[in-house]
Structure formats: C-alpha cells, structure tokens
Amino acid sequence: MKSERTAASAPLCGCIQRVADQTLTRSDQRLAAKFFKDPQMAQDIRQSDRSSHEDFWRRYQVFGQTAQKVCR
C-alpha cells in the first residue's frame, strides 16, 4: 500500500498475499521482501548456481505467474 502506483489497493494486496501464502514458504516471502530494498539481490539470486537459489527462483516465478492470473 505504500507504493506510489495508482493500481495499489487493499484488495489487490490481499490477493497477492493469498497467492504468496499458497506458493511460497515464509522463508521465501522474507527473502522476496528484501528485493524491494535491494533489487540487485534478486538479480544475484536469479543468476546464482546454488541449488537452493534455483529452487527458490522457480517457486518465485510460479508465484508471479499465479498472482498475475488470479489477481487481475
């Protein structure tokens, strides 16, 4: 809701959170939240060869795709 985007709304935020709860672990959500303060971290994790980062990134992509479909 702190976003300056005009599309930000409580229902949209709630929908995105529900999708996150269904597709990401709490740990995944904490990590993803850090991307807002440090976008480079997202890039570093996306390009990482660590299997844990690769697994996270696959889950994060599913989250993004699902949220895009469900929360329109």
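The paragraphs below set out a description of the structure included in this document.

Criteria and cut-off values
Residues numbered from 1 in each chain as written. Predicted model: local features only at pLDDT ≥ 70, side-chain atom pairs only at ≥ 80, totals over all residues. Heavy atoms only, no water. Buried < 20%, exposed > 50% of the residue type's maximum accessible area, 1.4 Å probe, protein only. Helix = DSSP H or I, 4+ residues; strand = E, 2+ residues; numbered from the N terminus. Arc of directions from axis to C-beta. Contact = heavy atoms within 4.5 Å. Disulfide = S-S within 2.5 Å. Phe/Tyr/Trp six-rings, centres within 6.5 Å; stacked < 30°, edge-to-face > 60°.

Here's the deal with helix α2 (residues 26-34)
- Regarding α2, the residues found buried are D28, Q29 and A32. Down the axis of α2, the buried set is contained in an arc of 100°. They therefore lie on one face. With respect to the buried face of α2, the exposed residues turned more than 90 degrees away are R26 and R30.
- Buried residues along α2 sit against α1 (10-23) and α4 (51-70).

Things to note about the state of the cysteines
- Within the structure shown, the criterion is met by one disulfide.
- Across a sulfur-sulfur distance of 2.0 Å, C15 and C71 are joined as a disulfide pair. With the S-S dihedral at roughly -90°, the linkage between C15 and C71 falls on the left-handed side. Highlighted residues: C15 in helix α1 and C71 in the segment after α4, separated in sequence by 56 residues. In this pair, the class of C15 matches that of C71, namely buried.
- A disulfide-free cysteine, C13 has its sulfur positioned 9.7 Å from the sulfur of C71, the nearest such atom.
- Taking the relative accessible area as the measure of exposure, C13 reaches 31% and is therefore partly exposed.

Focus: the packing of aromatic side chains
- Taken as a whole and judged by the stated rule, the model has seven aromatic pairs.
- Each ring, one from F35 and one from F56, has its centre 6.0 Å from the other, and the planes form 80°; the classification is edge-to-face. With F35 in the loop between α2 and α3 (39-47) and F56 in helix α4, this pair connects stretches of sequence that are 21 residues apart. Across the pair, F56 and F35 agree in class, each one buried.
- When the centroid spacing of 5.9 Å and the interplanar angle of 35° are considered together, the rings of Y60 and F63 count as tilted. Here Y60 pairs with F63, and both are found in helix α4, just three residues apart, close to one helical turn.
- In textbook terms, an aromatic cluster arises when at least three aromatic residues are bridged by ring pairs, as seen for F35, F56, W57, Y60 and F63.

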